[in-house]
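Report on the structure
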Amino acid sequence: MTASPPATTLLLARHGQTVWHAENRYAGVSDIALTDEGRRQAGQLGRWAARNPVDAVWTSTVSRAMRTAEPACRALGLVPLREHALRECDFGTVEGRTLAEFAAEDPAGAEAFRADPVAHPFPGAEDPRAAAARGTAALRRIAEGGRGGRILVVAHNTLLRLVLCELLGIPLGAYRRVFPQLRNAAVSEIRLAGEGGAGASLLSLNVPCDD
(Lines give C-alpha, C1' and ligand atoms only; values in the text may rest on other atoms or scores of the structure.)
Protein backbone atom coordinates (compact mmCIF):
# COMPACT_ATOMS: atom_id res chain seq x y z
CA MET A 1 0.00 0.00 0.00
CA THR A 2 1.32 3.44 -0.93
CA ALA A 3 1.59 5.80 2.02
CA SER A 4 -0.35 9.04 1.84
CA PRO A 5 1.81 12.14 1.36
CA PRO A 6 2.43 14.02 4.62
CA ALA A 7 0.11 16.91 5.44
CA THR A 8 1.37 20.49 5.27
CA THR A 9 0.49 23.06 7.91
CA LEU A 10 -0.18 26.60 6.67
CA LEU A 11 -0.20 29.38 9.24
CA LEU A 12 -2.19 32.18 7.66
CA ALA A 13 -1.74 35.73 8.94
CA ARG A 14 -3.31 38.96 7.80
CA HIS A 15 -0.88 41.88 7.58
CA GLY A 16 -0.71 44.53 10.30
CA GLN A 17 -3.00 47.53 10.54
CA THR A 18 -2.70 50.24 7.89
CA VAL A 19 -3.79 53.87 7.81
CA TRP A 20 -6.88 52.95 5.81
CA HIS A 21 -7.79 49.92 7.89
CA ALA A 22 -7.78 52.04 11.03
CA GLU A 23 -10.74 53.86 9.38
CA ASN A 24 -12.21 50.63 7.92
CA ARG A 25 -11.42 51.71 4.35
CA TYR A 26 -10.95 49.13 1.61
CA ALA A 27 -7.26 49.00 0.68
CA GLY A 28 -7.33 46.21 -1.89
CA VAL A 29 -4.52 46.58 -4.40
CA SER A 30 -3.60 50.08 -3.17
CA ASP A 31 -0.15 50.22 -1.58
CA ILE A 32 -0.92 51.57 1.88
CA ALA A 33 1.67 51.76 4.66
CA LEU A 34 1.42 50.19 8.09
CA THR A 35 0.55 52.38 11.06
CA ASP A 36 2.62 52.38 14.24
CA GLU A 37 0.10 49.85 15.56
CA GLY A 38 0.59 47.76 12.43
CA ARG A 39 4.35 47.73 12.95
CA ARG A 40 3.82 46.72 16.58
CA GLN A 41 1.60 43.86 15.41
CA ALA A 42 4.28 42.79 12.94
CA GLY A 43 6.78 42.70 15.79
CA GLN A 44 4.41 40.50 17.80
CA LEU A 45 4.10 38.12 14.85
CA GLY A 46 7.90 37.99 14.68
CA ARG A 47 8.18 37.09 18.35
CA TRP A 48 5.46 34.47 17.90
CA ALA A 49 7.46 32.97 15.02
CA ALA A 50 10.55 32.79 17.24
CA ARG A 51 8.53 30.66 19.69
CA ASN A 52 6.75 28.65 16.99
CA PRO A 53 9.35 28.02 14.27
CA VAL A 54 8.25 27.49 10.71
CA ASP A 55 10.10 26.16 7.68
CA ALA A 56 9.33 28.97 5.25
CA VAL A 57 7.66 32.39 5.07
CA TRP A 58 5.58 33.41 2.07
CA THR A 59 3.96 36.81 1.51
CA SER A 60 1.92 38.59 -1.09
CA THR A 61 3.78 41.16 -3.21
CA VAL A 62 1.93 44.08 -1.55
CA SER A 63 4.24 46.04 0.74
CA ARG A 64 2.03 45.93 3.84
CA ALA A 65 2.23 42.13 3.81
CA MET A 66 5.97 42.11 3.13
CA ARG A 67 6.64 44.59 5.97
CA THR A 68 4.53 42.50 8.35
CA ALA A 69 6.56 39.39 7.56
CA GLU A 70 9.97 41.03 8.06
CA PRO A 71 10.26 40.53 11.86
CA ALA A 72 9.32 36.86 11.52
CA CYS A 73 11.93 36.34 8.81
CA ARG A 74 14.59 38.02 10.95
CA ALA A 75 13.66 35.90 13.96
CA LEU A 76 13.85 32.71 11.92
CA GLY A 77 16.81 33.59 9.70
CA LEU A 78 14.68 33.03 6.58
CA VAL A 79 14.45 34.88 3.29
CA PRO A 80 10.80 35.70 2.53
CA LEU A 81 9.29 34.13 -0.57
CA ARG A 82 6.79 36.22 -2.52
CA GLU A 83 3.73 35.19 -4.49
CA HIS A 84 1.79 37.74 -6.56
CA ALA A 85 -1.31 35.51 -6.56
CA LEU A 86 -1.63 36.17 -2.81
CA ARG A 87 -2.32 39.88 -3.36
CA GLU A 88 -5.56 41.35 -2.04
CA CYS A 89 -8.67 41.59 -4.18
CA ASP A 90 -9.12 44.73 -6.26
CA PHE A 91 -12.18 46.53 -4.85
CA GLY A 92 -12.73 48.71 -7.90
CA THR A 93 -14.48 52.03 -7.26
CA VAL A 94 -14.55 51.39 -3.50
CA GLU A 95 -10.75 51.36 -3.11
CA GLY A 96 -9.93 53.87 -0.37
CA ARG A 97 -13.55 54.23 0.71
CA THR A 98 -15.72 52.74 3.43
CA LEU A 99 -18.80 50.62 2.88
CA ALA A 100 -20.85 53.38 4.52
CA GLU A 101 -19.57 55.92 1.97
CA PHE A 102 -20.45 53.57 -0.88
CA ALA A 103 -23.91 52.97 0.62
CA ALA A 104 -24.57 56.71 0.79
CA GLU A 105 -23.86 56.94 -2.94
CA ASP A 106 -25.45 53.64 -4.05
CA PRO A 107 -27.79 52.18 -1.41
CA ALA A 108 -29.06 49.40 -3.68
CA GLY A 109 -25.53 48.36 -4.68
CA ALA A 110 -24.41 48.29 -1.05
CA GLU A 111 -27.44 46.23 -0.03
CA ALA A 112 -26.81 43.74 -2.84
CA PHE A 113 -23.15 43.47 -1.76
CA ARG A 114 -24.14 42.82 1.84
CA ALA A 115 -26.58 40.11 0.73
CA ASP A 116 -24.08 38.31 -1.53
CA PRO A 117 -20.66 39.94 -2.05
CA VAL A 118 -19.67 37.35 -4.64
CA ALA A 119 -22.74 37.66 -6.85
CA HIS A 120 -22.74 41.45 -6.44
CA PRO A 121 -19.17 42.74 -6.03
CA PHE A 122 -18.35 46.45 -6.03
CA PRO A 123 -18.37 48.24 -9.41
CA GLY A 124 -15.10 47.62 -11.25
CA ALA A 125 -13.92 45.09 -8.67
CA GLU A 126 -12.13 41.84 -9.34
CA ASP A 127 -14.46 38.85 -9.62
CA PRO A 128 -14.28 37.26 -6.13
CA ARG A 129 -14.49 33.81 -7.70
CA ALA A 130 -11.35 34.53 -9.72
CA ALA A 131 -9.61 35.85 -6.60
CA ALA A 132 -10.57 32.71 -4.67
CA ALA A 133 -9.27 30.50 -7.47
CA ARG A 134 -5.88 32.24 -7.77
CA GLY A 135 -5.37 32.38 -3.99
CA THR A 136 -6.34 28.74 -3.51
CA ALA A 137 -4.08 27.59 -6.33
CA ALA A 138 -1.21 29.58 -4.79
CA LEU A 139 -1.66 28.01 -1.36
CA ARG A 140 -1.82 24.54 -2.85
CA ARG A 141 1.42 25.18 -4.77
CA ILE A 142 3.08 26.46 -1.60
CA ALA A 143 1.86 23.47 0.40
CA GLU A 144 3.04 21.03 -2.27
CA GLY A 145 6.47 22.66 -2.39
CA GLY A 146 6.83 22.45 1.39
CA ARG A 147 5.07 19.14 1.87
CA GLY A 148 5.06 17.98 5.48
CA GLY A 149 6.31 21.32 6.80
CA ARG A 150 4.98 24.38 8.62
CA ILE A 151 4.69 27.48 6.46
CA LEU A 152 3.77 31.02 7.50
CA VAL A 153 1.77 32.89 4.84
CA VAL A 154 1.19 36.63 5.27
CA ALA A 155 -1.56 37.97 3.04
CA HIS A 156 -4.88 39.82 3.18
CA ASN A 157 -8.28 39.80 4.84
CA THR A 158 -10.71 39.28 1.95
CA LEU A 159 -8.42 37.08 -0.14
CA LEU A 160 -7.75 34.73 2.78
CA ARG A 161 -11.43 34.53 3.75
CA LEU A 162 -12.37 33.61 0.18
CA VAL A 163 -9.61 30.99 0.08
CA LEU A 164 -10.71 29.49 3.40
CA CYS A 165 -14.23 29.10 2.00
CA GLU A 166 -12.90 27.52 -1.19
CA LEU A 167 -10.67 25.05 0.66
CA LEU A 168 -13.30 24.10 3.23
CA GLY A 169 -16.21 23.73 0.82
CA ILE A 170 -18.12 26.76 2.16
CA PRO A 171 -20.15 28.79 -0.39
CA LEU A 172 -18.04 31.80 -1.40
CA GLY A 173 -20.97 34.17 -1.03
CA ALA A 174 -21.00 33.43 2.71
CA TYR A 175 -17.42 34.55 3.37
CA ARG A 176 -18.37 37.78 5.18
CA ARG A 177 -20.82 35.95 7.45
CA VAL A 178 -18.77 32.82 8.18
CA PHE A 179 -15.48 34.69 8.57
CA PRO A 180 -16.45 38.25 9.63
CA GLN A 181 -12.82 39.31 9.95
CA LEU A 182 -9.30 37.98 10.10
CA ARG A 183 -7.63 40.08 12.77
CA ASN A 184 -4.42 41.88 11.95
CA ALA A 185 -1.33 39.69 12.52
CA ALA A 186 -3.37 36.93 14.18
CA VAL A 187 -2.70 33.37 13.02
CA SER A 188 -5.16 30.87 11.56
CA GLU A 189 -3.92 27.31 11.13
CA ILE A 190 -5.03 25.11 8.26
CA ARG A 191 -3.76 21.66 7.31
CA LEU A 192 -3.67 20.49 3.70
CA ALA A 193 -3.45 16.75 3.12
CA GLY A 194 -3.63 14.48 0.09
CA GLU A 195 -2.39 15.04 -3.44
CA GLY A 196 -2.28 18.74 -4.23
CA GLY A 197 -3.66 19.61 -0.80
CA ALA A 198 -7.12 18.36 -1.75
CA GLY A 199 -8.11 17.69 1.87
CA ALA A 200 -8.23 20.80 4.06
CA SER A 201 -8.88 21.08 7.81
CA LEU A 202 -9.17 24.31 9.77
CA LEU A 203 -7.38 23.82 13.11
CA SER A 204 -7.58 27.33 14.57
CA LEU A 205 -8.81 30.81 13.66
CA ASN A 206 -7.65 34.29 14.67
CA VAL A 207 -5.24 33.16 17.38
CA PRO A 208 -3.55 36.32 18.73
CA CYS A 209 0.22 36.63 18.82
CA ASP A 210 0.31 38.49 22.13
CA ASP A 211 3.67 38.52 23.90
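Preceding block: the structure.
Analysis parameters
- Residues numbered from 1 in each chain as written.
- Predicted model: local features only at pLDDT ≥ 70, side-chain atom pairs only at ≥ 80, totals over all residues.
- Heavy atoms only, no water.
- Core = buried A, V, L, I, M, F, W, Y, C linked by side-chain atoms within 4.5 Å.
- Buried < 20%, exposed > 50% of the residue type's maximum accessible area, 1.4 Å probe, protein only.
- Helix = DSSP H or I, 4+ residues; strand = E, 2+ residues; numbered from the N terminus.
- Contact = heavy atoms within 4.5 Å.
- Polar contact = N/O pair within 3.5 Å; in protein donor to acceptor, adjacent residues only side chain to side chain.
- Axes fitted to C-alpha atoms, helices over the stretch in contact; angles between N-to-C directions.
- Parallel < 35°, antiparallel > 145°, perpendicular 65-115°, else oblique.
- Left-handed = near helix turned anticlockwise from the far one by under 90°.
- Nonpolar A, V, L, I, M, F, W, Y, C, P; charged D, E, K, R; others polar.
- Salt bridge = Lys/Arg side-chain N within 4 Å of Asp/Glu carboxyl O.

Turning our attention to the nonpolar core. Grouped burial of nonpolar side chains is what soluble globular proteins tend to show. In this structure, Leu-10, Leu-12, Phe-122, Leu-139, Val-153 and Leu-162 are the most contacted members of the largest nonpolar core, which totals 39 residues. Breaking this core down by element, the ones donating at least two residues are strand S1 (8-14), strand S2 (56-59), helix H4 (99-105), helix H5 (107-115), helix H6 (128-145), strand S4 (150-155), helix H7 (157-168) and strand S5 (187-193). Every residue in contact with Leu-12, bar those within four places of it in the chain, is listed here: Leu-139, Val-153, Leu-160, Leu-164, Ala-186, Val-187, Ser-188 and Ile-190. With 15 residues, the next largest nonpolar core counts Leu-11, Ala-65, Cys-73 and Val-154 among its residues.

Before going further, it helps to examine the side chain of Ser-188. On the secondary structure map, Ser-188 appears in strand S5. Exposure remark for Ser-188: the relative accessible area of 3% places this residue in the buried category. Looking at Ser-188, its side chain comes within polar contact range of the main-chain nitrogen of Asn-206, at 3.0 Å. Leaving out residues up to four positions away in the same chain, Ser-188 has contacts with Leu-10, Leu-11, Leu-12, Leu-182, Ser-204, Leu-205 and Asn-206.

This part is about the packing of helix H2 (residues 36-51) against helix H3 (residues 63-76). Close contact between H2 and H3 brings their axes to 7 Å; oriented N to C, the two are set at 30°. Of the possible angle classes, the one that applies to H2 and H3 is roughly parallel. For the pair H2 and H3, the sense of crossing is right-handed. Residues Ala-42, Gly-43, Leu-45, Gly-46, Ala-49 and Ala-50 of H2 lie in contact with H3, whose contacting residues are Arg-67, Thr-68, Pro-71, Ala-72, Ala-75 and Leu-76. Its residues assigned to classes, the contact of H2 with H3 comprises eight nonpolar, three polar and one charged.

If the charged atoms of two oppositely charged side chains come close together, the side chains can form a pair. Summed over the entire model, instances satisfying the criterion amount to ten salt bridges. Between Glu-83 and Arg-141 there is a salt bridge whose closest N-O contact spans 3.4 Å. You can see Glu-83 sitting in the loop between strand S3 (81-82) and H4 and its partner Arg-141 sitting in helix H6, a full 58 residues away along the chain. On the basis of relative accessible area, Glu-83 is assigned to the buried category, the value being 17%. For Arg-97, the salt bridge identified is with Glu-105, shortest N-O distance 3.1 Å. Residue classification places Glu-105 among the exposed residues on the basis of a relative accessible area of 56%.

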